[in-house]
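# Observations on the model geometry
Listed below, chain by chain, are the residues.
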Amino acid sequence: MKTRTFEKLGIQTSLLGFGCMRFPTLENGKIDEKQAEAMLDKAIAAGVNYIDTAYPYHGGESETFVGKVLKKYQRNQFFLATKLPVWKISHKDEVLPIFEEQLAKLQVEYVDFYLLHALDEERWDALVKQGVLDVLDQLKAEGKIKYIGFSFHDEYPVFEKIITARAWDFCQIQYNYVDTEIQAGNKGYVLAEKLGIPMVIMEPIKGGNLASLPEDIARFFKAYYPKKSLSSWALRWVGSHKNVKVILSGMSTMDHVLDNLDTFTNFKALNQEEYDLVHKVTDIIKSRTKNGCTGCEYCMPCPHGVNIPRNFKIWNDWAIYRNDDQARRRYFKDLEVDARADMCQACGACEPQCPQSIQIIQDLIRVHEDMKTIQ
Ligand SMILES: NC(=O)c1ccc[n+]([C@@H]2O[C@H](COP(=O)([O-])OP(=O)(O)OC[C@H]3O[C@@H](n4cnc5c(N)ncnc54)[C@H](OP(=O)(O)O)[C@@H]3O)[C@@H](O)[C@H]2O)c1
Ligand code: SF4
Ligand code: SF4
């Protein structure tokens, strides 16, 4: 198993981390514990020693399940990461009861990596004002937290603001060969490296999108290595960055586990020719994008309830990855009817706010027309 050293923290972890957000589930939606335990055991036996869970995963059941499985291992055999559900905190006194609940669910005395979960600017400003970091620093002083970090979902300037606000032990960002110019992206990677802050990466396969590319794109990778999975290219691209210490993969089948163990047991950084191929694929993927919506939400809220960025995200992903099933579910099931593109009243309030000069009204009509073709 490929390992990386957190020089700042003086520890070594496996480069592959187990993301505990996407365990296999039963028909009733509960974790398929037998299968999920076999997957975790397999990964740990092969040298995976970084396990990432969080308070809300699997409707709150992920921490409990992970705690049960890890009970059979020595505490120093694994690094456990979990996160403070910052959206539940309105006063710093609310931190401790949640943290203690997490320790109890996980059946441990301490957490190795503790993150402020899914920070954006609004959440960060609120936490600072409430003094939440003081509570975490106290828990660290007591040995109940080893390392304090944050996971991030906002634009680069906010990342810069947060990462330079204190001497973080580590940080976690979304990063993959397509998502280099959104959220923290390449600029965030470079800044963290410059500051000497080790990075943990989430969504390295773009939540599964890069594992199921359409055939006309996948053929470039398949021609190069017929037997290697598309996921292995995405994971190797991320792992080719030296300041990436852990890559979290949300493995949801034993096949995913075995495939990733193969990638990380014989890990090789990309060579120049392979980089060039990944860039070629990235260019094709980006050329299929319908519009340049960055999800900045400057156009929001729409007075008529349309979730403009969400509609554009579903539409762009559909155009790029050609995954009809996923788009149908996201547009017709997951998105509330009132927030759908066809609810636009063409009032015009949004368009002047868009920094990308997107013709929002026109594009929302196109979104709905395209989605109707796959209904
Ligand atoms: N802190 C945060 O804000 C935050 C946010 C997101 C994620 N995370 C953490 O980061 C972890 C990783 O993110 P992610 O789950 O989105 O990662 P990901 O690795 O980008 O996506 C995982 C999905 O990719 C598909 N897949 C296909 N082949 C695979 C293979 N060989 N290995 C793994 N997956 C394969 C699976 O989807 P199908 O089953 O559909 O094929 C799987 O559910 C999460 O599990 C979670 O622990 C944290
Ligand atoms: S033009 Fe449509 S999407 Fe834009 S604000 Fe008005 S109703 Fe909302
Ligand atoms: S303002 Fe423009 S780029 Fe930003 S979310 Fe709205 S449509 Fe997308």
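Residues numbered from 1 in each chain as written. Chains lettered and ligands numbered in written order. Predicted model: local features only at pLDDT ≥ 70, side-chain atom pairs only at ≥ 80, totals over all residues. Heavy atoms only, no water.

Two elements in contact, helix 6 (residues 156–163) and helix 7 (residues 185–195), have axes separated by 10 Å at closest approach and are oriented at 15°. Judged by the angle between their axes, helix 6 and helix 7 are roughly parallel. By crossing handedness, the relation of helix 6 to helix 7 is classed as right-handed. Residue-level contacts link Tyr 156, Phe 159, Glu 160 and Ile 163 of helix 6 to Lys 187, Gly 188, Leu 191, Ala 192 and Leu 195 of helix 7. (Axes fitted to C-alpha atoms, helices over the stretch in contact; angles between N-to-C directions. Helix = DSSP H or I, 4+ residues; strand = E, 2+ residues; numbered from the N terminus. Parallel < 35°, antiparallel > 145°, perpendicular 65-115°, else oblique. Left-handed = near helix turned anticlockwise from the far one by under 90°. Contact = heavy atoms within 4.5 Å.)

This structure, assessed with the given rule, holds 24 salt bridges. Ionic pairing is found between Lys 161 and Asp 125, a salt bridge with its closest N-O pair at 3.0 Å. Here Lys 161 is found in helix 6, whereas its partner Asp 125 is found in helix 4 (residues 121–130), with 36 residues between them in sequence. The closest approach of N and O atoms between Glu 142 and Lys 144, which form a salt bridge, is 3.7 Å. Several salt bridges converge on common partners, so that one network encompasses Glu 37, Asp 41 and Lys 72. (Salt bridge = Lys/Arg side-chain N within 4 Å of Asp/Glu carboxyl O.)

So, about the nonpolar core. In this structure, Phe 18, Leu 116, Tyr 177 and Leu 213 are the most contacted members of the largest nonpolar core, which totals 90 residues. The element best represented in this core is helix 9 (residues 230–239), accounting for six residues. Setting aside anything within four residues of it in sequence, one finds Phe 18 in contact with Phe 23, Met 39, Leu 40, Ala 43, Val 48, Tyr 50, Ile 51, Asp 52, Leu 248, Ser 249, Met 251 and Val 257. By size, the runner-up hydrophobic cluster in this structure holds 22 residues, among which are Trp 315, Ala 327, Ala 341 and Val 367. (Core = buried A, V, L, I, M, F, W, Y, C linked by side-chain atoms within 4.5 Å. Buried < 20%, exposed > 50% of the residue type's maximum accessible area, 1.4 Å probe, protein only.)

Surrounding ligand 1, one finds 29 residues, the nearest of these being Arg 22, Asp 52, Ile 205, Gly 207 and Asn 260. In this structure, Tyr 57 approaches ligand 1 through a side-chain N or O atom, which is 3.3 Å from a nitrogen atom. Contact with the protein chains hides 85% of the accessible area of ligand 1, taken as 890 Å² for the molecule alone. Among the elements of the structure, strand 6 (111–119), strand 10 (244–249) and helix 10 (254–265) are those that each provide at least two residues to the shell around ligand 1. (Near = heavy atom within 4 Å. Polar contact = N/O pair within 3.5 Å; in protein donor to acceptor, adjacent residues only side chain to side chain. Areas by Shrake-Rupley, 256 points an atom, 1.4 Å probe, with all protein chains shown as cover.)

Given two aromatic rings, one states the distance between the centres and the angle between the planes to describe the pair. Counted by the stated rule, this structure contains 22 aromatic pairs. Between the aromatic rings of Phe 113 and Phe 170, the centroid separation amounts to 4.9 Å while the plane-to-plane angle is 85°, which identifies the pairing as edge-to-face. With Phe 113 in strand 6 and Phe 170 in the loop between helix 6 and strand 8 (171–174), the pair connects residues that are 57 residues apart, well separated along the chain. For the residue pair Phe 113 and Phe 170, the accessibility class agrees, reading buried in each case. Where Tyr 224 meets Tyr 225, the ring centres are 5.0 Å apart and the plane angle is 80°; that geometry is what we call edge-to-face. Taken together, the aromatic side chains of Phe 6, Tyr 50, Phe 79, Phe 113, Tyr 147 and Phe 170 make up a single cluster linked through ring pairs. Between the NZ or CZ atom of Arg 75 and the centre of the ring of Tyr 110, over which it lies, the distance is 3.9 Å. The ring of Phe 220 has Arg 219 sitting right over it, with the charged end atom 4.5 Å from the ring centre. (Phe/Tyr/Trp six-rings, centres within 6.5 Å; stacked < 30°, edge-to-face > 60°. Lys NZ or Arg CZ within 6 Å of the ring centre and 35° of its normal.)

A common measure of how large an interface is: the accessible area buried when the components associate. When its domains are assigned, the chain resolves into domain 1 (3–279) and domain 2 (308–372). Computed from C-alpha coordinates alone, the two centres of domain 1 and domain 2 are separated by 30 Å. Listed by partner, the interface residues are eight residues for domain 1 and six residues for domain 2. Summing the contributions of domain 1 and of domain 2, the shared interface buries around 530 Å²; its carbon and sulfur component is 43%. Broken down residue by residue, the surface that domain 1 buries against domain 2 is led by Lys 206, Asn 209 and Pro 214, which jointly contribute 66%. In this structure, the salt-bridge partner of Asp 216 is Arg 322, at a minimum N-O distance of 3.9 Å. Where domain 1 packs against domain 2, one counts zero residue pairs in polar contact (both at pLDDT 80 or more). Here the residues of the side of domain 1 that touches domain 2 are counted per class, giving four nonpolar, two polar and two charged. (Domains from an automatic or database assignment. Buried area = accessible area lost by both parts, 1.4 Å probe. Nonpolar A, V, L, I, M, F, W, Y, C, P; charged D, E, K, R; others polar.)

For strand 5 (residues 79–84), the buried fraction is high: six of the six residues fall into the buried class. When strand 4 (residues 50–52) meets strand 5, the two strands line up parallel, connected through three bridges. Among the inter-strand pairings, Ile 51 is bridged to a residue of strand 5, identified as Leu 80. With helix 2 (residues 61–70) bridging strand 4 and the parallel strand 5, this β-α-β connection has right-handed handedness. Here strand 5 runs beside strand 6; their pairing, made up of four bridges, is parallel. Bridge pairing in strand 6 places Ala 81 opposite Phe 113. After leaving strand 5, the chain enters helix 3 (residues 95–106) and then returns to the sheet as strand 6, a path that is right-handed. (Pairing = 2+ DSSP bridges. Right-handed = clockwise from strand over helix to strand, strands pointing away.)

What follows is about unusual backbone geometry. Put simply, Met 300 and Pro 301 share a cis peptide bond, and its omega is -5°. Assignment of secondary structure puts Pro 301 in the loop between helix 11 (272–287) and helix 12 (308–321). Positive phi values are uncommon outside glycine, yet His 58 reaches one of about 50°. Along the polypeptide, His 58 turns up in the loop between strand 4 and helix 2.

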